[in-house]
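Structural overview for review
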Amino acid sequence: MSGLRRWFRCLGPWRLLACLAAMAVVIAIELTIGNDKSPEADEAVLLWLGDAIPAPLGRFLVVVYQVSGTRVTALLVMASLLFLSLKRAWNDLTWLAIGTAGILLIVDQWLKPLFDRARPLGRLVEVSGRSFPSGHAAGAVVFYFLMCAILSKRYPHLRQPLYLGSTLWVALIWISTLYCRVHWFTDIVAGAAVGFIWLTICLTGWKVSLASQSERNRGIPLLD
C-alpha cells in the first residue's frame, strides 16, 4: 500500500482531475456518436479538410501517415529500447516498454472491440480494423512524449526542442490521419484522451521508480 500512496502523491490532484476529464470526454463522445456509421459533424470535418488542403500538401500528408504507421513506429520503439539498453537505463527502458505495449493492448485489444465503430468510407490508404478510438493518435502521444521525458532527463538542454518537435510531429500525424480518412475527428480526440491518460499513468510510475531508485542508491529508507 505504501507504493500506491507514493504513486498517488506523485500523480497529484490536478493530474488526476485531468485524467478524469479525459475519461469523461471519451465516454461523452461514445454516448453522443454511438454506432452512427456516418456522423454528420465528423463527416463535415473530413470534407472541409479534404477541400482546404491543396493536392501537393495532401500527398505529403499521405506520406506522413504511412511513415507514422505501425511498422515504422515499431522500428522507432525498438531502436529506442536498444539505445536505452546500451545506456543501461533499465528504469527508462521498462517504462517505455510498458507505455508502448500497454497503449497497443488498451486500444486494439480492449477499446476498439468494445466500441466497434466503423472507419470512414473513401479512405486514401489501405487500412483495416475498427475506428474508435484512434490508435494512431493514442500511440503517438504515449511514445513521443514518454521519450521526450526520458531524453530530457538525460539531456536537459534539449528539453524545449524535443517537446516542440514532438508536439508538431504528433499534430501532423493527427492531421494526416484525418486527411487520409482513416479516422473520424472524434476518433482522434478520443485517442488523444486515452493516450494522455496512459501517458500520465506511465510518467507517474516512471517518476516514482526514479525517486525510489535514487533513495536506495543514497541509502535512504523509503517513505510510506
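Summary of the structure given here.

Cut-offs applied
Residues numbered from 1 in each chain as written. Predicted model: local features only at pLDDT ≥ 70, side-chain atom pairs only at ≥ 80, totals over all residues. Heavy atoms only, no water. Patch = residues over 30% accessible without salt bridge, like charges linked within 9 Å, V, L, I, M, F, W, Y side chains within 5 Å. Areas by Shrake-Rupley, 256 points an atom, 1.4 Å probe, with all protein chains shown as cover. Salt bridge = Lys/Arg side-chain N within 4 Å of Asp/Glu carboxyl O. Helix = DSSP H or I, 4+ residues; strand = E, 2+ residues; numbered from the N terminus. Buried < 20%, exposed > 50% of the residue type's maximum accessible area, 1.4 Å probe, protein only. Contact = heavy atoms within 4.5 Å. Phe/Tyr/Trp six-rings, centres within 6.5 Å; stacked < 30°, edge-to-face > 60°. Axes fitted to C-alpha atoms, helices over the stretch in contact; angles between N-to-C directions. Parallel < 35°, antiparallel > 145°, perpendicular 65-115°, else oblique. Polar contact = N/O pair within 3.5 Å; in protein donor to acceptor, adjacent residues only side chain to side chain. 1 Å grid on protein atoms, 1.4 Å probe; cavity = no way out; pocket = protein on both sides within 12 Å on 5 of 7 lines; lining within 4 Å. Points joined across faces, edges and corners; volume = space filled by probe spheres on them. Nonpolar A, V, L, I, M, F, W, Y, C, P; charged D, E, K, R; others polar.

Remarks on a nonpolar patch on the surface
- A cluster of nonpolar residues, Leu4, Phe8, Trp14, Leu16, Leu17, Leu20, Met23, Ile27 and Leu31, forms a patch on the protein surface that exposes about 970 Å² of accessible area.
- Along the polypeptide, Leu17 turns up in helix 1 (residues 2-33).

Here's the deal with the environment of Gly191
- Within the element layout of this structure, Gly191 appears in helix 8 (residues 185-218).
- You can call Gly191 buried: its relative accessible area is 0%.
- The spatial distance from the C-alpha of Gly191 to the C-alpha of Phe132 is 7.6 Å, given a sequence separation of 59 residues.
- For Gly191, the residues in contact, after removing those within four places along its chain, are Pro133, Ser134, Ala137 and Ala138.

Focus on the packing of aromatic side chains
- This model, assessed by the stated rule, comprises three aromatic pairs.
- Here the aromatic rings of Phe143 and Tyr144 are separated by 4.9 Å at their centres, their planes lie at 65 degrees, and the arrangement is edge-to-face.
- Exposure remark for Phe143: the relative accessible area of 5% places this residue in the buried category.
- Considering the side-chain rings of Phe145 and Tyr163, the 6.3 Å spacing of their centres and the 20 degrees angle between planes classify their relative orientation as stacked. Taken together, the positions of Phe145 in helix 6 (residues 135-154) and Tyr163 in helix 7 (residues 159-179) put the pair 18 residues apart, joining distant regions of the chain.

A closer look at the packing of helix 6 against helix 7
- With their axes 10 Å apart at the nearest point, helix 6 and helix 7 run at an angle of 170 degrees to one another. Looking at the two axes, helix 6 sits roughly antiparallel to helix 7. Contact residues: helix 6 offers His136, Ala137, Ala140, Val141, Tyr144, Phe145, Cys148, Ala149, Leu151 and Ser152, while helix 7 offers Arg159, Leu162, Tyr163, Ser166, Thr167, Trp169, Val170, Ile173, Trp174 and Thr177.

Notes on the side chain of His183
- Mapped onto the elements, His183 comes out in the loop between helix 7 and helix 8.
- By relative accessible area, which is 2% here, His183 ends up buried.
- Here the side chain of His183 touches Asp187 through a polar contact of 3.5 Å, side chain to side chain.
- Setting aside residues no more than four positions away along its own chain, His183 makes contact with Leu46, Lys112, Arg119, Pro120, Arg130, Ser131, Pro133, Ser134, Gly135, Thr177, Leu178 and Ile188.

Section: the layout of surface pockets
- When its volume is computed, the largest pocket comes out at roughly 710 Å³.
- If you go around the largest pocket, you meet 30 residues; those closest to its centre are Thr70, Leu104, Asp108, Gly135 and His136.
- Along the lines of polarity and charge, the residues of the lining of the largest pocket split into 14 nonpolar, eleven polar and five charged.
- Estimates place the volume of the second largest pocket at around 260 Å³.
- Considering every element that reaches the lining of the second largest pocket, the biggest residue donor is helix 5 (residues 90-115), with five residues.
- A class-by-class count of the residues in the lining of the second largest pocket yields twelve nonpolar, no polar and one charged.

Quick word on unusual backbone geometry
- Here Phe132 and Pro133 are connected by a cis peptide whose omega angle stands at -10 degrees.
- Within the fold, Pro133 resides in the loop between helix 5 and helix 6.
- One non-glycine residue, Asp116, adopts positive backbone phi at about 50 degrees.
- Looking at where Asp116 falls in the secondary structure, it is placed in the loop between helix 5 and helix 6.
- Taking the relative accessible area as the measure of exposure, Asp116 reaches 48% and is therefore partly exposed.
- Phi angles above zero are rare outside glycine, and Arg181 is one such case at about 60 degrees.
- Mapped onto the secondary structure, Arg181 falls in the loop between helix 7 and helix 8.

Here we look at the pattern of salt bridges
- One pass over the full model with this rule turns up six salt bridges.
- The salt bridge partner of Glu43 is Arg181, with a shortest N-O separation of 3.0 Å. In this pair, Glu43 is assigned in helix 2 (residues 40-52) and Arg181 in the loop between helix 7 and helix 8, connecting sequence segments 138 residues apart.
- In this structure Arg181 comes out as buried when scored by relative accessible area, which is 15%.
- With a closest N to O distance of 3.1 Å, Asp116 and Arg130 form a salt bridge. Remark: Arg130 occurs in the loop between helix 5 and helix 6 and Asp116 occurs in the loop between helix 5 and helix 6; sequence separation between them is 14 residues.
- Through salt bridges with shared partners, a single ionic network connects Asp42, Arg117 and Asp187.

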